[in-house]
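A closer look at the structure
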Number of protein chains: 2
Amino acid sequence: MHLLRVNMTTKQLTLEPLPEAYRLLGNRGLIAEIMLNEVPATCEPLGPYNKLILAGGPLAGLGVSSAARLSAGAKSPLTGGIKEANGGGVAVQRLVKLGIRAIIVEGKSSDGSMYVLHLKQGNFELVPADELKGMGNYRLSSVLRERFGHDVGMITIGPAGEMGMAIAGVFANDGEGNPSRACARGGLGAVMGSKGLKAVVIENDGTYQVPVRDPGAFNAARKAFSDVLLSTPQTSEVYTKYGTASAVLPINRIGALPTYNFSRGSFDLAEQISGDALYDMIAARGGEGKHTHACMRGCVIRCSNVVADSEGKTIVSPLEYETLCLMGSNIGIADIDTIAKFNWLCNDLGIDTIETGVALGVALEAGLALFGDAQEIERIISEEIGRGTVLGRVLGQGATLTGKVFDNPRVPAVKGQAMAAHEPRAIKGMAVTYAMSPMGADHTAAVTFRAPVDHHSPAGQMEISRNVQVTVAAYDSLGFCMFVVPAVGSKPDYVINLINAVYGTNYNAEWLKENGKKVIKTEREFNRRAGFTKTHDRLPEFMLEEKLPPFGLVSDIPEEDYERFWEADFWGE
Amino acid sequence: MHLLRVNMTTKQLTLEPLPEAYRLLGNRGLIAEIMLNEVPATCEPLGPYNKLILAGGPLAGLGVSSAARLSAGAKSPLTGGIKEANGGGVAVQRLVKLGIRAIIVEGKSSDGSMYVLHLKQGNFELVPADELKGMGNYRLSSVLRERFGHDVGMITIGPAGEMGMAIAGVFANDGEGNPSRACARGGLGAVMGSKGLKAVVIENDGTYQVPVRDPGAFNAARKAFSDVLLSTPQTSEVYTKYGTASAVLPINRIGALPTYNFSRGSFDLAEQISGDALYDMIAARGGEGKHTHACMRGCVIRCSNVVADSEGKTIVSPLEYETLCLMGSNIGIADIDTIAKFNWLCNDLGIDTIETGVALGVALEAGLALFGDAQEIERIISEEIGRGTVLGRVLGQGATLTGKVFDNPRVPAVKGQAMAAHEPRAIKGMAVTYAMSPMGADHTAAVTFRAPVDHHSPAGQMEISRNVQVTVAAYDSLGFCMFVVPAVGSKPDYVINLINAVYGTNYNAEWLKENGKKVIKTEREFNRRAGFTKTHDRLPEFMLEEKLPPFGLVSDIPEEDYERFWEADFWGE
C-alpha cells in the first residue's frame, strides 16, 4: 500500500510505501497525522505550504459495506484550523485497486493552469487541462467520463473551488457518474483549486488486492457486519426508505429545525419538506426517481436517493436532511422541487449546501432578498455565486464573513464555520459538538440527536457529545460512513473483528476508543499551533441570550462544563 | 475630575468621580485599564457588551502644547483585540472644562434610533437625532455648530460608522469646526455607530479648572516644554513647515514607500506627492491654503496644513503622509489634488484612509479597477463605500476581508489590520512593531524610521521597536501627541516635571517607562483573553518570501527574535 505525493509546484509525482505507523489509519485519522507532521499550522490555507490530502481507509476494497468513504483534508480557509470532510462515491474503491491509501497534494502551481491527475495501472500523470477551467461538476464529470471511460472514479471541483471560495467542497462521483458525493465542508475545494488541480481521475483497472490474513474469519466478520446493519431498524428501514430526510419531522418537533436564519426552531411548513413527503413524491412520480440508492457499491444501508421531476427525469441525487433544512426552512423555502434544484446548482458549482444555506440566511435576514423568494435565491446562487460577482464572492466566503459584510451579528457559526441543521439551543449536545470539535460547527463530528435524553436540558451533554465524538472519530478513521454508528457504535466488536481478520492483529474495543481520542487530540494540537484557544470553543453571543421559539430556549451549557471538557480526567487520562 | 458613563440601552447618564487609581492615567493607558477591568474580552465588538471609551489625559486643559489628544478605544471589530486610536482637535479641551476625563459609552440602543450626546455645564443629555442619520461628517459638523454653537467640540461618525464598517473611525473637529481629526484606525466608528451614538457635542462653557499643586514650577515646566519643542529641528522646522509629508522622499529613498499594493517600495512619481511638492503647491496657490496649522489650540508644532485648490478654496485639512502614500503611491495615484479629494471623501464618510487605501490596493491588484484610475477609484469610494453597496461593504470591512473575497493572498496586515505606509521589509523595526503591538499593524505604536540604524538589517530591531513602543505608550497615556517624541522622547524630565508640578508627585523617568510597559502588558492581556496567541504576532506569509523591489528585501527578522520579544527578561522583569 502506498501514499502518492503530487507536487503541484514541480509537477513531480512520488509513490511512497505507506509508513508502518499509518497501516491501520485511514481517512480522518490519517489526515490528522499527516497534517500535524507535515504542514506548518500557521500557513496560508490557499498558499503553497498547505497540503490537500485525499484518503481512504484500511478496509476499503474488501467488499465491506459502507467502508470506502473518501476523506479530503487540509488546513481550512474557512476556519483556519484543520479540516476533514468525507463523502461517498466510488473513488476510494478505484484508488485502493491501484494500491493507494492516500494522495497528498503539495505546493502550488504557479503557471495559472489547471491540471487533471490521471491515475491508471502503471501510469500516473498530471495532464494540463485549461480547457476544463470554470466547468461545473456535472459537465466536467461527463467530459471526463467521455475521455477516460465510464467506469472511472473522479474527485473534482467546480468553479467555486477555482475562485477560492471557502464554501467550495471536493466532489466525487457515484457508480452512475453523478458527481454529487460531497466532501462538503470547510472550503477544501478552494484548497484543491489553489493548487491548480481541477480533477483526479482514477481508472478502474487496478490490480492491487488488500491482503487478508485470515480469510475465513474475515468472511464471517463481513457477513456479520452486513447482517447487523440489515437488522438494525435505523440502518435497514429508516435510512433505506426515507434517507436522512427522516430527521425533518422529529427534529422539527423538538424545536431544533433551523428556520429563518436560526430565528425559530420549527417551521410551519415542515411537513412539506419531510422524509414522508419526499418518499411519497418519489414514489408517485416514478421514472428515474428512487427512494433508495447506494452511493458506493456494496453498501447495504443505501440511504441515498434520486429525486425526479414530475416527468420522471432526475433533478438531483441525493437530496439530504441538511439541504432540506438549510436551503429549505432556513431560507423560507418549503418546496422540495425548488430545494432539489438549488442542490443541483450547488453541486454543479461545487459548494457546500450547509455553509451556502446559512450564508444566504444571514444575508436574507439583513435584507438582501425576501425569505422564500425562490426565484431571487436561485438567481443569487447561479448568477452571483456562480459567476463570482462581488456579492457571490461574499456569500462564497461563508456565513461568518457574510455577517460582517452585511453587519448582521446573528451568525450561527463556531470557529468561522456555519452550524448544520441541528439547532444547539434545542439539542444541547450539539452545542458541545459545535463548540468543542476541532472541526468547527460540523454535525458530522457528533450528532447527539439519537441519544435517549432530554435534549432541552444541559445536563450530561458534555459526556454524550464527547462519547459520540470519540466513536465517530474512530469509525471515520477506518473509512466507515457515520451511518453505521446507529448499528455498531455500541457494538465495536463487529468492526474490530474485521480489522483483526484482515491485518492479523488482536485488538479490542479499547483500541478503537483510544484511536478515536487520539485523532481528536491530534487535530486539537494542530489547531493549537494554528492559534486556537478556548475562546474559539464557544457558541456565538446571540445564542446565549436570544430565546429560540417555540420553546424559548437559550444555550445554557454552564461555562464550567466547557472549561472541563479538555481536562485530562474528562478523557480518562 | 469625573468619568461620564452613558448607557445606550437605558439612556441613563452617570457621573462618577475619577477613581484614584486613574488619576494620572489618560487616553491609551486609561482605555487599557477600563477595557481589561470592565469588558469581557470575548464579547462581540458591535454588541452590547463592548464599550466605547472617549478619553483625554491628565495634562489636558492646562495650556501644555500637544497634550490634549482625544483617544477612542474599544474592542476592535477589525482585529478582535483591544484598540486605541487618537487624534487632535478641540474636544478634549472642552471636555476637561466640564471636569470629564473620559466618557464610557455602554450597552446598545435597541430602538434603531441615533442619538447625540449633548454636554454643557450643568446639563448632560442624550438627544434623539434620527434626522442626522446617514449624514457625512462635514455637513454633520456644520449642522451641529448651527444648532449648538460655533465653539463646540464634536466627536462624530459618518455613514460608514452607522453601517458597521470596520474601516470607520471616530472624528473630532479642529478649532475652525473642520471634522477631520481622526481617531482613525480599528473600526472604532463602527463601535460608536453600533451603540446608536452619532455625535458627542461638548459646549465650551465649562468652568472646571484642573488644580495645579505648584503653579510656579508648572509655569516653568510648561515654558521649558514649549522651548524644547521649538528648538528641536524635527518639531520646530520639519513638521511645522512640511508636516508629516516630509517623510515621503526619505522613506521612498530607502525603498519603504508602499507602492502598487506593497509590491514595490519606491514610487517613480514620489516627488509629485512629496512634502516639497505639497509645500510648493500650497505656497503658490495662496488663498485658504496653509502649510502650517494647529489641530488644537496651543500646539507649537502645528504639523497640520490646509490644502487649497487652484482657486484658493480649501480641498481638505490636513493632508498627511500616510494618506499621500496609501491613497497615492499604493493605488497608483501621483496627483496631490486627487489624493486631497479622496481624503475629503474619506473624512466625510468617516473612514480611515490607511485601511481604505490598503483595501483598495488589494482589490485593484485582484482586478477591481486599474491602479491609478482616479475617476473609478473616486466612484468606488463615494458611490460604493459611501452608499453601502455590497462592494462598498466589502472594502468597508478592511484589507484582510477584501483579500479573502477577491482571493488575493497579498494582504499587508497583521491581526487583521492593514499596515501603514512604512513597508516592514525595508524598515525592519516596523516588522517588529506591526507584528508585536497589541494594536495590530499600526505605525502609531512605534515608528522606528528615525532610529539611526540600517533599516534594511534585522539586527537590533527588536530592541529599537520595543523601546519606541514603550515610550509612545507612556506619552500616549498622558494625552500627548506622538510628535513630541522626537523632541522629548529621550528627555523625559520635560514631561515628568509637568506631571510633578500639577499633581504634587515626585516621579522620575523610570515611572514614565514603567507606565509605558504596563499599558502594553495590559493591552496584551486583554488580547490574550480575547484569544490571541503568538501566531497572531507574525507578518503575512508573502512578505517572508517575496522580494521587495528595488532592494530585493524580504522580512527576515529571525523567529527566535520574535519568540523572545515577550519574555520577561527582555522587558527587564
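Nothing here was measured: the structure is a model prediction, and the numbers come from that model. (Residues numbered from 1 in each chain as written. Chains lettered and ligands numbered in written order. Predicted model: local features only at pLDDT ≥ 70, side-chain atom pairs only at ≥ 80, totals over all residues.)

1. Observations concerning helix 6 (residues 215-231) of chain A
With 17 residues, helix 6 of chain A ought to run about 24 Å at 1.5 Å a step, and its terminal C-alpha atoms sit 24 Å apart, in line with that. As for helix 6 of chain A, its buried residues are in contact with helix 7 (233-242), helix 18 (485-488) and helix 19 (493-503) of chain A. (Helix = DSSP H or I, 4+ residues; strand = E, 2+ residues; numbered from the N terminus. Expected span 1.5 Å × (residues − 1). Contact = placed C-beta atoms within 7 Å.)

2. Notes on the relation of the copies chain A and chain B
For these two chains of identical sequence, chain A goes onto chain B by a turn of 180 degrees and a shift of 0.0 Å along the axis, with RMSD 0.0 Å. Taken together, the rotation angle and the small translation identify this as a two-fold axis. The share of interface residues of chain A whose copies in chain B are also at the interface is 100%, consistent with both copies meeting through the same surface. (Least-squares fit on C-alpha atoms with pLDDT ≥ 70 in both.)

3. Let's talk about the sheet that holds strand 7 (residues 115-120) of chain B
All names here are of chain B. Taking strand neighbours across the sheet as the criterion, the six strands line up as 8-7-12-9-10-11 in an open arrangement whose pairing is mixed. Taken across any chain shown, the strands that pair with only one partner, and hence form the sheet edges, are strand 8 (123-128) and strand 11 (181-183). Between one strand axis and the next, the sheet turns through 20 degrees on average, direction left out of account. Relative to strand 9 (residues 153-156), helix 3 (residues 137-148) is tilted by about 140 degrees, and along the sheet it contacts strand 7, strand 9, strand 10 (170-172) and strand 12 (197-202). (Pairing = 2+ DSSP bridges. Axes fitted to C-alpha atoms, helices over the stretch in contact; angles between N-to-C directions.)

4. Let's talk about the pairing of strand 6 (residues 100-106) of chain A
All names here are of chain A. Burial runs high along strand 6: seven of the seven residues are buried. Bridge analysis of strand 1 (residues 2-7) against strand 6 gives six bridges, and the strand direction is parallel. Looking at the pairing, Arg5 lines up with Ile104 of strand 6. Note: strand 3 (residues 52-55) against strand 6, four bridges, orientation antiparallel. Counted as the bridge partner of Leu54 is Ile103 from strand 6. (Buried ≥ 20, exposed ≤ 12 C-beta atoms within 10 Å, placed from the backbone.)

5. Regarding unusual backbone geometry
Among all residues except glycine, the phi angle is most often negative; among peptide bonds, the trans geometry is most common. For the bond from A:Ser317 to A:Pro318, the omega torsion is -5 degrees, close enough to zero to count as cis. Inspection of the secondary structure puts A:Pro318 in the loop between strand 15 (314-316) and helix 10 (321-326). Phi angles above zero are rare outside glycine, and B:Tyr260 is one such case at about 50 degrees. Note that B:Tyr260 resides in the loop between helix 8 (248-253) and helix 9 (275-285). We classify B:Tyr260 as partly exposed; it has 16 C-beta atoms within 10 Å.

6. Focus: the interface of chain A and chain B
Listed per partner, the contact involves 25 residues of chain A and 25 residues of chain B. Ranked by residues supplied to the side of chain A that touches chain B, first place goes to helix 14 (residues 390-395) of chain A with four residues. Classifying every residue of the side of chain A that touches chain B by side-chain character gives eleven nonpolar, eight polar and six charged. (Nonpolar A, V, L, I, M, F, W, Y, C, P; charged D, E, K, R; others polar.)

7. Notes on the environment of B:Ile520
For B:Ile520, the location among the structural elements is in helix 20 (residues 509-530). Filtering out sequence-adjacent residues up to four positions away, B:Ile520 remains in contact with B:Pro438, B:Gln469, B:Val470 and B:Ala473.

8. With respect to helix 1 (residues 27-38) of chain B
All names here are of chain B. Taking 1.5 Å of rise per residue, the twelve residues of helix 1 would be expected to cover 16 Å, and the 16 Å separating its terminal C-alpha atoms lies within 8% of that figure. For helix 1, a buried count of nine out of twelve residues is recorded, marking the element as mostly surrounded by other parts of the structure. Of the positions making up helix 1, those classed as buried are Asn27, Arg28, Gly29, Leu30, Ile31, Ala32, Glu33, Ile34 and Met35. Taken together, the buried residues of helix 1 touch strand 3 (52-55), strand 4 (70-75), strand 5 (82-87), strand 6 (100-106), helix 17 (461-476) and helix 20.

9. Quick look at the packing of helix 6 (residues 215-231) of chain B against helix 19 (residues 493-503) of chain B
Residue and element names in this part refer to chain B. Remark: helix 6 packs on helix 19, axes separated minimally by 8 Å, with the N-to-C direction vectors making an angle of 160 degrees. Accordingly, the angle class assigned to the pair helix 6 and helix 19 is roughly antiparallel. Helix 6 and helix 19 meet at a crossing whose hand is left-handed. Counted together, Ala217, Phe218, Ala221, Arg222, Ala224, Phe225 and Val228 of helix 6 and Tyr494, Asn497, Leu498, Ala501 and Val502 of helix 19 form the full contact between these two elements. Split into classes, the residues belonging to the contact of helix 6 with helix 19 amount to ten nonpolar, one polar and one charged. (Parallel < 35°, antiparallel > 145°, perpendicular 65-115°, else oblique. Left-handed = near helix turned anticlockwise from the far one by under 90°.)

10. Some thoughts on the sheet that holds strand 11 (residues 181-183) of chain A
All names here are of chain A. With respect to topology, six strands assemble into an open sheet ordered 8-7-12-9-10-11, the strand pairing being mixed. In this open sheet, the two edge strands, each paired with only one partner strand, are strand 8 (123-128) and strand 11. In this sheet, adjacent strand axes meet at a mean angle of 20 degrees when their direction is disregarded. Of the strand pairs in this sheet, strand 9 (residues 153-156) and strand 10 (residues 170-172) are connected by two bridges, and their pairing is antiparallel. Residue pairing for strand 10: Ile155 is matched across the bridge by Ala172.

11. Let's talk about the domain arrangement of chain A
Residues and elements named next belong to chain A. Structurally, chain A comprises domain 1 (2-202) and domain 2 (236-457 + 534-571). Inter-centroid distance (C-alpha atoms) of domain 1 to domain 2 is 25 Å. Across the contact, 41 residues belong to domain 1 and 34 residues belong to domain 2. When residues of the side of domain 1 that touches domain 2 are traced back to their parent elements, those giving at least two are strand 5 (82-87), helix 3 (137-148), helix 4 (159-162) and strand 11. (Domains from an automatic or database assignment.)

12. What to know about the packing of helix 17 (residues 461-476) of chain A against helix 20 (residues 509-530) of chain A
Residue and element names in this part refer to chain A. Packing of helix 17 against helix 20 brings their axes to within 7 Å, and their N-to-C directions diverge by 95 degrees. Taken together, the axes of helix 17 and helix 20 are roughly perpendicular relative to one another. Contact residues: helix 17 offers Gln469, Val470, Thr471, Ala473 and Ala474, while helix 20 offers Leu512, Lys513, Asn515, Gly516, Lys517, Val519 and Ile520. Taken together, the residues of the contact of helix 17 with helix 20 sort by class into six nonpolar, four polar and two charged.

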